[in-house]
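So you can see what is in the structure, the chains are spelled out below.
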Amino acid sequence: MKNKTAAFILGGVLLAAALFAAETYIVKVRTTALRSGPKFFASQVLSLNAGEALLLLKKEEDWLQVKTPAGKVGWIHLSAVEPRKVDILAWDTTARKQATGSEVALAAKGFGRPGAKGFNKNVEDGYKTRNKNISFVWVDKMSLLSVNRSQLETFLKQGRLGEFGGAR
Amino acid sequence: MSARRAAALFLAAGLSSVLAVSCSLLQESQKYLTKENIDKAGKAASVARNTFADITEEEEHYIGRSVAALILSRYKVYDNPQLNSYVNLVGHAVAAYSDRPEIYGGYHFLVLDEPEVNALAAPGGFIFVTRGLLRECRDEEMLAAVLAHEVGHVAAKHGLQSIKKSRLVEAFKLIGREAAAKYTPEELSRVTEAFEGVLGDIAGSLIERGYDRRYEYDADVLSVKYGTATGYSPEGLSDFLEKLAAGEGEGRGVGWFKTHPAPKDRLARVEKRIGGMKTLPLRDEIRLKRFRQHFKG
């Protein structure tokens, strides 16, 4: 009887802890990568998009080890996500039928869903209509000037920088 | 029944109640997660937004794009793919080791065909440097220091902090007034007006008056931090400021000289900070060589 009670108490404590301690994060950048380790040049596990929900497993400085709803585990930098503690509620399949985790999170700020409000593409288009003298041609060209992880890794290695660094 | 057993049973009963309540709350909350209620929650939350910190990453991106367009309406682009590619590599290197390596649309760097010494950072990671500024750089460390200073402005959201509070509160009210997914033409017109006001506040600080002096000193601190974390010698920044201080008379009143604190003041603070560091990355001949390849003549 004593052992059963103790097991019951322990089970209850663990379940309550799991329910209240689970923390969900939402991807807040347009695209990013889930990585195999807590550093930028670790291999990519999968690609993530804005609004995707992730369950926190552990933190290591500015890196979070997380799990996707599909069960993939990997690391993501803190600057790519924002916490959404309430999203444990959206982790259940029934809830996801009604609203995805990302919808819940983004709706909490009143933006994010396609066509939702905020300073968005619609507002930029409105601005362009009212200010025809302001050209966005070079802004669009500039947005294409980008550096992928592999180019950056080569550049850092060549220059003996970052984790491939030289003398101090 | 012993007192210990009674206590254990009491605790077990308590925990069962907590669990039952949590599960029922969970079920209730799931019922509550309807599209309609989410919209309502969104509306309530957006009405509650009132500071620059409540601007979302996506909104910052779109504000940044339009600020960048305003900058580019005043300055000509230096359309040199090789040079722009190199500047982007150095910029991405320091951004990767900054406090904000990930940003909604990524960082983008562009060289402006202007003789004045200037660098500008629009929100959302749109960063500009003039050819005049590049001419002052003698190696990759100096260029990295300038770009890290600009990444610092973006990471610390200095551009967004220059938006007038009253304007932001008004804009959030407009955005959050309706729960519908799309703006009506009338709403769009009002929100676009608010957006123009926001752009005016940022461009006024960034291009005309310059940021608050403390933001510039903060960006210098961040430049030393990010540069060092990347593996660049932080002396790149002190050397650059020393060079500006020496030639201050020539460019006074324009570009960085107009919008930034005096190079001598910045230099004193930066040297003090570097002096307090225990170990510093050293300059490397390899980086000097590749810098020179891009700056022949």
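These figures come from a predicted structure and were not determined experimentally.

**Things to note about the overall build of chain B**
- Secondary structure assignment for chain B yields 15 helices and three strands.
- Across the 297 residues of chain B, 57% fall into the buried class.
- Across chain B, every contact between residues at least 6 apart in sequence was considered, and the portion connecting residues at least 24 apart equals 74%.
- Just so you have it, chain B exposes about 12,800 Å², and 53% of that area is on carbon and sulfur atoms.

**Examining unusual backbone geometry**
- Even without being glycine, A:Glu61 reaches a positive phi, approximately 55°.
- With respect to the helices and strands, the residue A:Glu61 is situated in the loop between strand S4 (53-60) and strand S5 (63-67).
- Overall, the relative accessible area of 79% leaves A:Glu61 in the exposed class.
- Its identity as a non-glycine residue notwithstanding, B:Lys157 has a phi of 55°, on the positive side.
- When you line up the elements, B:Lys157 lands in the loop between helix H6 (140-155) and helix H7 (158-161).

**Describing the nonpolar core**
- Core analysis: the largest hydrophobic core is formed by 48 residues, its most contacted members being B:Val129, B:Leu133, B:Leu143 and B:Phe240.
- Other than its neighbours up to four places away in sequence, B:Phe240 contacts B:Val117, B:Leu133, B:Glu136, B:Cys137, B:Met142, B:Val146 and B:Trp256.
- Formed by 42 residues, the second largest nonpolar core is a distinct cluster that contains A:Phe119, B:Ile71, B:Leu120 and B:Ile202.

**With respect to helix H9 (residues 185-209) of chain B**
All names here are of chain B.
- The end-to-end C-alpha distance of H9 is 34 Å, a good match for the 36 Å that 25 residues give at a rise of 1.5 Å each.
- Of all the bends found along H9, the most pronounced is centred on Ala 203 and spans about 30°.
- Remark: Gly 210 follows H9 within two positions and exhibits a positive phi of approximately 90°.

**What to know about the pattern of salt bridges**
Residue and element names in this part refer to chain B.
- Here the structure, examined in full by the defined rule, presents 28 salt bridges over all chains.
- One salt bridge in this structure joins Lys 225 and Asp 99, with 2.8 Å as the shortest N-O distance. Separated by 126 residues along the polypeptide, Lys 225 in helix H10 (residues 213-230) and Asp 99 in the loop between helix H4 (81-96) and strand S1 (108-112) bring together distant segments of the chain.
- On the accessibility criterion, Asp 99 (37% relative accessible area) is partly exposed.
- Residue Arg 283 is joined to Asp 139 by a salt bridge in which the shortest nitrogen-to-oxygen separation is 2.6 Å.

**What about the pairing of strand S1 (residues 24-27) of chain A?**
Residue and element names in this part refer to chain A.
- The two faces of S1 match: Thr 24 and Ile 26 on one face and Tyr 25 and Val 27 on the other face are all buried.
- Bridge count between S1 and strand S7 (residues 81-83): three bridges; the pairing is antiparallel. Paired with Val 27 across the two strands is Val 81, which belongs to S7.

**Structural notes on the confidence of the model for chain A**
- Overall, the prediction assigns chain A a mean pLDDT of 79, with 66% of residues at 70 or greater.
- Here residues 86-115 of chain A is a poorly scored stretch, pLDDT under 50, and it has 75 contacts once near neighbours within four places are set aside; other chains count.

What counts, and at which threshold
Numbering of residues starts from 1 in each chain and follows the order in which that chain's sequence is written. The naming scheme follows written order: chains are lettered A onward, ligands numbered 1 onward. For a predicted model such as this one, the threshold for reporting local features is a pLDDT of at least 70, and the threshold for listing and counting side-chain atom pairs is 80 or more; totals across whole chains, interfaces and linings nevertheless cover every residue. Excluding hydrogens and water, the side-chain values take into account all heavy atoms of the structure. Strands are runs of DSSP state E lasting at least 2 residues, helices are runs of H or I lasting at least 4, and numbering of each runs from the N terminus. To sort residues, take the accessible area from a 1.4 Å probe on protein chains only and compare it with the maximum for the residue type: under 20% means buried, over 50% means exposed, and anything in between is partly exposed. Contact definition: two residues touch when any of their heavy atoms are within 4.5 Å. Per-residue accessibility takes into account occlusion by the displayed protein chains alone, with areas from the Shrake-Rupley method and a 1.4 Å probe. Buried Ala, Val, Leu, Ile, Met, Phe, Trp, Tyr and Cys residues that are joined via side-chain atoms within 4.5 Å together make up what is termed a nonpolar core. Given a helix with a known number of residues, its expected span is that number minus one, times 1.5 Å. At every residue, the bend is computed as the angle between two fitted axes, covering the seven residues ending there and the seven beginning there respectively. In the sections that follow, a salt bridge refers to a side-chain nitrogen of Lys or Arg positioned within 4 Å of a carboxyl oxygen of Asp or Glu. A strand pair is defined by DSSP finding two or more bridges across the two strands. Values of pLDDT, the confidence the predictor places in each residue, fall between 0 and 100.

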